[in-house]
Amino acid sequence: MAINYESASAVAEVLKIHGLHLSKKFGQNFLLHPYYQHAIIGFLDAKEGETVWEIGPGIGALTHKLVTLPVKLKVFEIDRGFIPLLYDEFGHNPHFSLQEGDFLKTWKDAWAESPPDRIIGNLPYSVGSVIIADLVKSDIDCKRMVFTLQKEVVERITAKPATKEYSGFSLICQYKWNCRKGGSVPRHVFFPVPDVTSAYVGMDHDDGGGIVPRALYDDFVNDLFRSRRKTIRNNLKQGMLQTRVNTDLLFEACQKAGIALDSRGEQLSVSEVISVCTYIMETGTWPKGL
Ligand code: SAM
């Protein structure tokens, strides 16, 4: 049965016929507006022959447009109730495949089998940032990722240093990824209507963007933001890194990079963090292979 993905009443009827109930826990708000479906998929800019992953297809509001592209599409859905419906709608397409279960638990095996060129997802508000952090911290290198999220989360991903939105999450996302906001998505285009406004973000992998190990970079960022109110000096003194790298060397690395120890983490740019990590690498104190 072809579903009308532009009508809340038609979608409500489909859910009723299939005996499906929407789950708040899984953040199920479906995007039922052709303009935004089209804009978000356009932002992904998938090319012929590529492999695309969709995280959380729901009942297929984005999927029904993605399957019309000349790409291989793999979707990851946690709600087992939606699986038969997704197979009914898209299972006949030889370029469509489906992975049941929690994306966070299934994606690494799927990646080892066949990594995607691009990833897209209208992500649940509850786990959106966890999913993005898991992907980037695993040092993946696909071409582009496009996510629809709560607007505030998109602002944190794309924030510049010394702004109120800038956080450790901004530094984590912006290492090796060029992040840019796509556009806002109003609440009323979702069914059911969520409490928050959304936006979409594009993240392009920057192959030349990272020269220090991801784990060192991420640990340093975590330490910088242990407490937002504390100075870099105090955060580093009590952080994770000083269990591996001598505190005096950490301070020296900051000074060499021109970073004042009595400033705060939110003032540091990605390139300043890279400079500190590069200095640590050059001293040979960071364990090989980490
Ligand atoms: N893509 C659809 C759309 O745009 O209408 C649905 C988006 S809805 C905001 C989020 C979807 O992600 C739901 O279908 C939900 O069941 C699914 N989901 C939530 N957590 C998930 C997880 N950890 N792994 C895979 N899918 C998940």
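Quick summary incoming for the structure in this document. (Residues numbered from 1 in each chain as written. Predicted model: local features only at pLDDT ≥ 70, side-chain atom pairs only at ≥ 80, totals over all residues. Heavy atoms only, no water.)

## Re the side chain of Ser170
- In this structure, Ser170 sits in helix α8 (residues 168-174).
- In this view, Ser170 contacts Arg156, Ile157, Ala159 and Glu165; residues no more than four positions away in its chain are not counted. (Helix = DSSP H or I, 4+ residues; strand = E, 2+ residues; numbered from the N terminus. Contact = heavy atoms within 4.5 Å.)

## Some details on the site of the ligand
- In the vicinity of the ligand there are 22 residues, among which Gly56, Glu77, Asp102, Phe103 and Asn122 approach most closely.
- Leu31 is positioned such that a nitrogen or oxygen atom in its backbone is 2.9 Å from an oxygen atom of the ligand.
- One nitrogen or oxygen atom from the side chain of Glu54 is found 3.3 Å from a nitrogen atom belonging to the ligand.
- Burial of the ligand by the protein chains amounts to 98% of its free accessible area of 590 Å².
- Broken down by secondary-structure element, the contributors of at least two residues to the shell around the ligand are β1 (30-31) and β3 (72-77). (Near = heavy atom within 4 Å. Polar contact = N/O pair within 3.5 Å; in protein donor to acceptor, adjacent residues only side chain to side chain. Areas by Shrake-Rupley, 256 points an atom, 1.4 Å probe, with all protein chains shown as cover.)

## So, the pattern of salt bridges
- Within the structure shown, the criterion is met by 13 salt bridges.
- With a closest N to O distance of 3.0 Å, Lys164 and Glu165 form a salt bridge.
- For Lys164, a relative accessible area of 72% puts it in the exposed group.
- Residue Glu165 is classed as partly exposed on the basis of its relative accessible area, which comes to 25%.
- Measuring nitrogen to oxygen at the nearest pair gives 3.3 Å for the salt bridge that ties Arg244 to Asp219. (Salt bridge = Lys/Arg side-chain N within 4 Å of Asp/Glu carboxyl O. Buried < 20%, exposed > 50% of the residue type's maximum accessible area, 1.4 Å probe, protein only.)

## With respect to the packing of aromatic side chains
- Applying the stated rule across the entire model yields 11 aromatic pairs.
- Measuring from ring centre to ring centre gives 4.9 Å for Tyr35 and Tyr36, while their planes differ by 90°; the resulting arrangement is edge-to-face.
- Overall, Tyr36 belongs to the buried group, its relative accessible area being 16%.
- By way of ring pairs, the aromatic residues Trp53, Phe76, Phe103, Trp107 and Trp111 are connected into one cluster. (Phe/Tyr/Trp six-rings, centres within 6.5 Å; stacked < 30°, edge-to-face > 60°.)

## Structural notes on helix α5 (residues 103-113)
- Residues of α5 that are buried include every one of Phe103, Thr106, Trp107, Ala110 and Trp111, and no others. Angular distribution of buried residues about the axis of α5 spans 140°; they occupy a single face of the element. In α5, the exposed positions angled more than 90 degrees off the buried face are occupied by Lys105, Asp109 and Ala112.
- Turning to α5, the residues buried within the fold contact β2 (51-55), β3, β4 (96-100), β5 (118-122) and α6 (128-137). (Arc of directions from axis to C-beta.)

## A few points about the environment of Lys164
- By secondary structure assignment, the location of Lys164 is in the loop between α7 (151-158) and α8.
- Sequence spacing of Lys164 and Glu266 is 102 residues, and the spatial spacing of their C-alpha atoms is 8.5 Å.
- A distance of 3.0 Å separates the side chain of Lys164 from the side chain of Glu165, its partner in a polar contact.

## What to know about the pairing of strand β9 (residues 198-205)
- The element β9 is largely enclosed, with a buried count of 8 among its 8 residues.
- Burial along β9 is two-sided: Ser198, Tyr200, Gly202 and Asp204 facing one way and Ala199, Val201, Met203 and His205 facing the other are all buried.
- Note that strand β6 (residues 144-150) and β9 share 7 bridges and pair antiparallel. If you follow Leu149 over to β9, its bridge partner there is Ala199.
- Here strand β7 (residues 177-185) runs beside β9; their pairing, made up of 8 bridges, is antiparallel. Looking at the pairing, Cys179 lines up with Met203 of β9. (Pairing = 2+ DSSP bridges.)

## So, unusual backbone geometry
- Each neighbour pair has its own omega, and for Phe191 with Pro192 the value is -10°, a cis peptide bond.
- Within the fold, Pro192 resides in the loop between β8 (190-191) and β9.
- Phi at Asp139 is positive, roughly 60°, even though this residue is not glycine.
- Mapped onto the secondary structure, Asp139 falls in the loop between α6 and β6.
- The class for Asp139 is partly exposed, based on a relative accessible area of 33%.
- If you check the backbone angles, Ala162 has positive phi at about 65° while not being a glycine.

## Some details on the sheet that holds β5
- Spatially, β4-β3-β2-β5-β6-β9-β7 is the arrangement adopted by the 7 strands of the open sheet, whose pairing is mixed. On the outer flanks of this sheet lie β4 and β7, each paired with one strand and no other. Sheet twist, expressed as the mean angle between neighbouring strand axes with direction ignored, is 20°. (Axes fitted to C-alpha atoms, helices over the stretch in contact; angles between N-to-C directions.)

Shape descriptors only; they carry no functional weight alone.
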